[in-house]
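# Reading the structure
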Amino acid sequence: MSIYLVTGGAGFIGSNIVDELVNQGTTVRVIDNFSTGHRENLQTFQNRVDFRELDICNLADLKEAVEGVDYILHQAAIPSVPRSVVDPISSHNADVTGTLHVLWAAKEAGVKRVVYAASSSAYGDSEQLPKEEAMRVRPISPYGLMKYMGEEYCQLFTSLYSLETVSLRYFNVFGPRQDPTSQYSGVLSRFITAMICGQRPVIFGDGEQSRDFTHVSNVVRANLLACHSSKAVGEVHNVACGERITLNKVVEILNRLLGTHLEPVYEPARTGDIRHSMADIKRAKTNLNYSPTVGFEEGLRQTVDWYRDYLKRPKNKAY
Ligand code: UD1
């Protein structure tokens, strides 16, 4: 039976992928160094996976963990645009050097395929909408550049060493287990938890910036499809819903879902922030047979329910 390795498996997206793999009865190995992941995220599958605490920056440990593995779903990263602006070195080590280590260890161990968590932030400030994979990328943050470098490494490993790789450019993923507690947390986790607690959400800028918010279940499906599609090898794919919504509209919808009337607090826009983001998802449809199954509002409802439970647990709080 095939062995799947999920890097960053204690993180938000990684742990959702592990859940699905375990539900499907596959053999799963998980690695994480808990730099941004949480032990709590391992609870649902703790005894059903081979968990190893290690840092992908440690090549020797990583090589050991990759032995015997068939597929790697590489989610480990320091995932934040503003954090990468404040501290590009730590992000570079995890996101670029770490990815190179994963690819090298995979090549050395004869892994069948590496699926790489790329990011829509690679598109940067180009004005074209929707964003197509064939466009020239123009990252405007260290994070966007680093995630793009990871894609380039993947493609190089495919052409140079015949290691099968598939890159998935995620667009603003949200859903259960996204950590709301850091200043770098994804915007929806911050808005939802604040508003459940009766606090006004903080919008950086005028709130008219828009994003293609993608429920994590769509991203999980894309990853599993990417392991087995022959057309996808060596390619980059947008993974999103193909729609965009402004932050002002998000607050309006959340007020409706929660039965609240909370006005946002507006603060200055973030450095390195982009204005609009929306994906063209034709390539993922063609190559991966991907289409989003959970839309924005349905995903938001499920996520609100999840955070309601989360906030009832001791220790958990809004940001
Ligand atoms: C970016 C990437 C995304 C990547 C993510 C990792 C783009 C389009 N997206 O997301 O692919 O996975 O980084 O972190 O580049 N905001 C508020 N209030 C808050 C928090 C955020 O108004 O409390 C605003 C931000 O300024 C931004 C928007 O909400 O305009 C989204 O922010 P965030 O969730 O951090 O994601 P991106 O930076 O868009």
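This write-up is about the structure you can find in this document. Just so it is clear, the structure is predicted and the values come from calculations on it, not from any experiment.

What follows concerns the sheet that holds strand β6 (residues 164–170). A sheet is described by the order of its strands in space; here seven strands give the open sequence β3-β2-β1-β4-β5-β6-β11, paired in parallel fashion. The open sheet has two free edges, formed respectively by β3 (50–53) and β11 (236–239), since each of these has just one partner strand. Strand-to-strand twist across the sheet, computed as the mean angle between neighbouring axes with direction ignored, equals 20°. One ladder, built from four bridges, connects strand β2 (residues 27–32) with β3; its direction is parallel. Each residue of the ladder has a partner; that of D32, found in β3, is E53. Contacts from helix α5 (residues 142–161) reach β5 (113–119), β6 and β11, with the element oriented near 155° to β5.

Here the focus is the site of the ligand. As a structural note, the neighbourhood of the ligand is formed by 23 residues, with V187, R190, V202, R211 and D273 the closest of them. At 2.6 Å, a side-chain N or O of R190 approaches an oxygen atom of the ligand. A total of 740 Å² of accessible area belongs to the ligand in isolation, and the protein chains cover 93% of it. Of all the secondary structure elements, the ones that give two or more residues to the shell around the ligand are α6 (187–196) and β8 (202–204).

With that out of the way, let us pick up helix α10 (residues 296–312). The periodicity of an α-helix, 3.6 residues per turn, causes residues three or four positions apart to be oriented the same way. The terminal C-alpha atoms of α10, which comprises 17 residues, lie 24 Å apart, in line with the 24 Å expected from a rise of 1.5 Å per residue. Along α10, the residues classified as buried are F296, G299, L300, T303, V304, Y307, Y310 and L311. The arc enclosing the buried residues of α10, seen along the axis, measures out at 140°, which places them on a common side. Summarising the contacts, the buried residues of α10 are in contact with β7 (173–174), α6, β10 (214–215), β12 (245–246) and α8 (247–258).

If you add up the space inside the second largest pocket, you get close to 350 Å³. Along its surface, the second largest pocket is lined by 16 residues, and E40, N41, Y310, R313 and N316 are the ones closest to its centre. A class-by-class count of the residues in the lining of the second largest pocket yields three nonpolar, seven polar and six charged.

Reading guide: rules and limits
- Residues numbered from 1 in each chain as written.
- Predicted model: local features only at pLDDT ≥ 70, side-chain atom pairs only at ≥ 80, totals over all residues.
- Heavy atoms only, no water.
- Pairing = 2+ DSSP bridges.
- Helix = DSSP H or I, 4+ residues; strand = E, 2+ residues; numbered from the N terminus.
- Axes fitted to C-alpha atoms, helices over the stretch in contact; angles between N-to-C directions.
- Contact = heavy atoms within 4.5 Å.
- Near = heavy atom within 4 Å.
- Polar contact = N/O pair within 3.5 Å; in protein donor to acceptor, adjacent residues only side chain to side chain.
- Areas by Shrake-Rupley, 256 points an atom, 1.4 Å probe, with all protein chains shown as cover.
- Expected span 1.5 Å × (residues − 1).
- Buried < 20%, exposed > 50% of the residue type's maximum accessible area, 1.4 Å probe, protein only.
- Arc of directions from axis to C-beta.
- 1 Å grid on protein atoms, 1.4 Å probe; cavity = no way out; pocket = protein on both sides within 12 Å on 5 of 7 lines; lining within 4 Å.
- Points joined across faces, edges and corners; volume = space filled by probe spheres on them.
- Nonpolar A, V, L, I, M, F, W, Y, C, P; charged D, E, K, R; others polar.

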